[in-house]
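Chain by chain, the residues:
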Amino acid sequence: MMKKTRREFIKLAALSGAGIAAAPLAAEASAPITANEEAVGMLYDATLCVGCKACVASCKNVNDMDAAPAPNDADRLWDAPEDLDYRTRNIIKLYKDGEGDFSYVKHQCMHCIKPSCVSACPVAAMQQEKDRGIVFYDKDICIGCRYCQVACPFNIPKFEWPKAFPKIVKCDLCKFTNLKDKGIPACCEVCPTKAVIYGKRDFLLAEAKKRLAENPGKYQKEIYGEFEVGGTNVIYIAGESFSNLGFRELEFDSNAAFSENIQHTIYKGFVAPVALYGFLAFVAIKNRKNHHGHGHGHDAKHEDKHGSEK
Amino acid sequence: MALHREKILTPSFWVLLTFTVIGFYCIGLRYVMGIGAVSNLSDGFPWGIWIAYDVATGTALACGGYALAIVIYIMNGWKYHPLIRSAIVTSLFGYALAGFSVMVDLGRYWNAYSFFMPSRWQVNSVMFEVAVCVMAYNVVLAIELLPAILERFVHSTNPRFPKLKEYARKIYPKLDKVLIFFIVLGITLPTMHQSSLGSMMIIAGSKLNPIWQTGFLPVLFLINAMYIGYSVIIFESTLSSVAFGRPFEKEVRIIAKVVPYLTAAWLIIRFADLYYRGHLSTAFSGDYYSKMFLAETLLIAGGAYMLTWKHFRMSPRWVFVSAVMLCVGGSWYRFSVYIIGFNPDKGWSYFPSLPEFFITLGLVAFEILGYMVLVKMFPIMPNLEGHKKSA
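Reference entry: report on the structure contained in this document. A quick note: this is a predicted structure, and the numbers were derived from the prediction, not measured.

## Considerations on the overall build of chain A
Alright, step 1. A count of helical and extended segments in chain A gives ten helices and nine strands.
Alright, step 2. Per-residue burial for chain A yields a buried fraction of 54% across its 310 residues.
Alright, step 3. Long-range contacts, defined as pairs at least 24 residues apart, comprise 58% of the intrachain contacts of chain A with a sequence gap of at least 6.

Below, the structure is given as structure tokens:
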């Protein structure tokens, strides 16, 4: 009996495991991700940024965001955000290395071509525009699970931690505000040095490559966002190495695509779960027949006897 | 059927009640003041122990019903029937705990009904799959438990509810006929969502340390759930033998035989994957992450190795010890995937706050409390009389 049990157990484990185990292998042969022709984004050139933070102020103004006072600002007069949080969708930071060597850098949502947050969201509160590729958020659907935060490789979506009725906050390229009204995101509109510009991704990428080619000594060779996690619609060029500017070194494959491939391989057409159910039902019913007489209802009978004895 | 007349208001009842009250007080705070006020969660670590323990690990610890159902209905011709009910009750409570915790953890809990609106389903999301599966499994568990509840009324000698007895007598045989289809569903659903609990972290990419980040997470989580499930049955069975003065259930030894095979398969996949991805040296580099990896691996491998020896399998004490090792090691692995191995970027760190602990503790206490009351009121535990006869 035990021998049979063991063999059958291994058979079962193999069956249920095979589909799941095969998934990552199958998932590797996925199609490369390409941006839509109509995709829009931003190009930030760190060498042009003067750190005036007009973009931060304008973003807050246009999108009706609260001020983030500095810790020692008892009068709460100044908006001095230290980093992105639920009050700040867009920020300028300063990197400084010894004397004279410094660079500003802007952080906000990268608007990935294949966004992890959209892929992760169980209720489609995080969405991506089909044509323009803008990643935006709908608080009326969101359940606040924060899986988007876990999934985002850039740690961009922020959560209103101190609030009893919180929501997720992130840059949506002014989709509902400035972009809708004036056809340009607020930060790009107000930038006095054109350090950040808005446009179609194709154009921005060509522009970035042109600047790199014209001034090879001034820039890093890399265009951040060209390939990272499958490419982003917001791209960066800078004179400092991107790791110094607070960017993680990221894989070129999209985690979202990999995760979806595995999940879709396992659940394709719902064949595997149905097959598993069918197989298990077949075995279980066969077993019940074999065990007839000692099978189900066994306990009830005993308990009847038990009861009458008492 | 004699009614179970064990005393309910025992000292342990009051201890558990105290923890439950503290826990629910903290839950109250969370709803009034926000999640940030009671927890150490942050934008870098948006998930803490409520997800890592209550959901990701708690449901694995609640896999007793699942693991046992595989043995009883699929592999072994319905033989170990006596153990299944207490395992199903534990599963139900464990999964209910997960459900409770999710409602505490969800920031916009009032929108949770979205899961019942097909127009809002986002089928690419691993979490969507997990959520729907877990909710369905809770229903299936409740149906699987129904016969025990009905029996209570079928055999009731209390004349106060004659209608209930009549209904129970009518429903019971009908339910008995179709129950098998729910039981099979009760095996399919955990197979799906336990593997998906592993898939959940794949999308975190390099935020999860390469020792744990792999495309094999789903299969690792599935097998992990199985051996944790069996270990929990051993653990629980041994404990209740002591607590209720029942004889040591000998089926436990047979279950204990299956565990090393599962664990061996798991370890082989684990190490082959590390080798294949070139991270075997990362796992043995001796840094913090490596130590965590070694701890979980040693507990799992050690516990399973003990069970390969008949000498240990025959001893209630050692079977218990190895079950504990497997539960702790297996849970540790899940913690590593959800918290320990998770590093979003420089400058972020997470350790649960006191209220976070109290909420989890309170929910667990509440769960045990409910379990204790239920097993004392309904015929959940193996029927000793029948047990001896069939043995």
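On we go from here.
## With respect to the pattern of salt bridges
Side-chain pairing between opposite charges can occur once the charged atoms of the two side chains come close.
Residues and elements named next belong to chain A.
Alright, step 1. As enumerated under the stated definition, the model contains 21 salt bridges over all chains in all.
Alright, step 2. Of the charged contacts in the structure, one is a salt bridge between Lys93 and Asp83, with a shortest N-O distance of 3.1 Å. In this pair, Lys93 sits in strand β2 (residues 91-97) while Asp83 sits in the loop between α2 (54-63) and β2, placing the two residues ten residues apart along the sequence.
Alright, step 3. Given a relative accessible area of 37%, Asp83 falls into the partly exposed group.

## Section: the nonpolar core
Alright, step 1. Grouped together as the largest cluster of nonpolar side chains are 155 residues, with contacts concentrated most on A:Tyr147, B:Met201, B:Tyr230 and B:Tyr338.
Alright, step 2. The greatest single-element share of this core, amounting to 15 residues, is contributed by helix α6 (residues 126-154) of chain B.
Alright, step 3. Among all residues touching A:Tyr147, those that are not within four sequence positions of it are A:Ala120, B:Trp47, B:Ser125, B:Val126, B:Met127, B:Ser199, B:Met200 and B:Ile203.
Alright, step 4. Ranked by size, the runner-up nonpolar core spans 39 residues in total, among them A:Met110, A:Leu173, A:Cys188 and A:Tyr224.

## Section: the sheet that holds strand β8 (residues 196-200) of chain A
Residue and element names in this part refer to chain A.
Alright, step 1. Pairing is mixed across the open sheet formed by three strands, whose spatial order is β8-β1-β9. Lying at the two open borders of the sheet, with one neighbouring strand each, are β8 and β9 (234-237). The sheet shows a mean angle of 25 degrees between the axes of neighbouring strands, taken without regard to direction.
Alright, step 2. Sheet analysis places strand β1 (residues 40-45) next to β9, joined by four bridges and oriented parallel. Considered in β9, the bridge of Met42 is made with Val234.
Alright, step 3. Sitting on the sheet, helix α7 (residues 201-214) is in contact with β1, β8 and β9, with an inclination near 130 degrees to β8.

## Regarding the interface of chain A and chain B
You'll often see interface size given as the accessible area lost when the parts meet.
Alright, step 1. Counting residues at the interface gives 86 residues for chain A and 90 residues for chain B.
Alright, step 2. Buried area between chain A and chain B, summed over both chains or domains, comes out near 7,900 Å², and the portion from carbon and sulfur atoms is 60%.
Alright, step 3. Applying the counting criterion to the chain A and chain B interface returns one salt bridge.
Alright, step 4. With a closest N to O distance of 2.8 Å, B:Asp105 and A:Arg146 form a salt bridge.
Alright, step 5. The tally of links from chain A across to chain B stands at 37 residue pairs in polar contact (both at pLDDT 80 or more).
Alright, step 6. Broken down by secondary-structure element, the contributors of at least two residues to the side of chain A that touches chain B are α1 (2-27), α3 (116-120), α4 (147-151), β6 (158-159), α8 (255-267), α9 (271-290) and α10 (298-309) of chain A.
Alright, step 7. Of all the elements, α1(A) adds the most residues to the side of chain A that touches chain B, at twelve residues.
Alright, step 8. Its residues assigned to classes, the side of chain A that touches chain B shows 46 nonpolar, 21 polar and 19 charged.

## Remarks on the packing of aromatic side chains
Alright, step 1. With the rule as written, the count across this model stands at 38 aromatic pairs over all chains.
Alright, step 2. For the pair B:Trp121 and B:Phe128, a centre-to-centre distance of 5.3 Å together with 50 degrees between the ring planes defines the contact as tilted.
Alright, step 3. Between the aromatic rings of B:Trp212 and B:Tyr289, the centroid separation amounts to 6.4 Å while the plane-to-plane angle is 70 degrees, which identifies the pairing as edge-to-face. One end of the pair, B:Trp212, is in the loop between α7 (162-199) and α8 (217-243); the other, B:Tyr289, is in helix α11 (residues 288-307), with 77 residues separating them in the sequence.
Alright, step 4. Put simply, the rings of A:Tyr147, B:Trp47, B:Phe221, B:Tyr227, B:Trp266, B:Tyr333 and B:Tyr338 touch in pairs and so form one group of aromatic residues.
Alright, step 5. Across the ring face of A:Phe136, the terminal group of A:Lys175 is positioned such that the distance to the ring centre comes to 4.5 Å.

Conventions used here
The numbers attached to residues start from 1 for each chain and follow its sequence in the written order. Written order decides the labels, with chains lettered from A and ligands numbered from 1. Given that the model is predicted, a residue must reach a pLDDT of at least 70 before its local features are reported, and side-chain atom pairs must reach 80 or more before they are shown or counted; all residues, however, enter totals for whole chains, interfaces and linings. Values shown for side chains rest on all heavy atoms present in the structure; no hydrogens or waters enter the calculation. Helix and strand definitions follow DSSP, with helices as H or I runs of at least four residues and strands as E runs of at least two, each counted in order from the N terminus. Working definition: with a 1.4 Å probe on protein chains only, accessible area under 20% of the residue-type maximum means buried, over 50% means exposed, and in between means partly exposed. Whether two residues are in contact is decided by their heavy atoms, any of which lying within 4.5 Å being enough. What counts as a salt bridge is simple: a side-chain nitrogen of Lys or Arg found within 4 Å of a carboxyl oxygen of Asp or Glu. Take the buried residues of types Ala, Val, Leu, Ile, Met, Phe, Trp, Tyr and Cys, join any two whose side-chain atoms come within 4.5 Å, and each joined set is a nonpolar core. Two strands qualify as a pair provided that DSSP identifies no fewer than 2 bridges between them. Axis lines are fitted to C-alpha atoms, over the contacting stretch for helices. Their N-to-C directions set the angle, which ranges from 0 to 180 degrees. By convention, the term buried area covers the 1.4 Å-probe accessible surface removed from two parts as they join, with the contributions of both added. The definition of a polar contact used here is a pair of N or O atoms within 3.5 Å, where within protein one atom must be able to donate a hydrogen and the other to accept one, and adjacent residues in sequence count solely through side-chain atom pairs. Classification used: nonpolar for Ala, Val, Leu, Ile, Met, Phe, Trp, Tyr, Cys and Pro, charged for Asp, Glu, Lys and Arg, polar for all others including Gly. Classification of ring pairs uses Phe, Tyr and Trp, with its six-membered ring standing for Trp, and accepts pairs whose centres are within 6.5 Å; under 30 degrees between planes counts as stacked, over 60 as edge-to-face, and the remaining range as tilted. Two limits define a charge over a ring: the Lys NZ or Arg CZ must be within 6 Å of the ring centre, and within 35 degrees of the ring normal.

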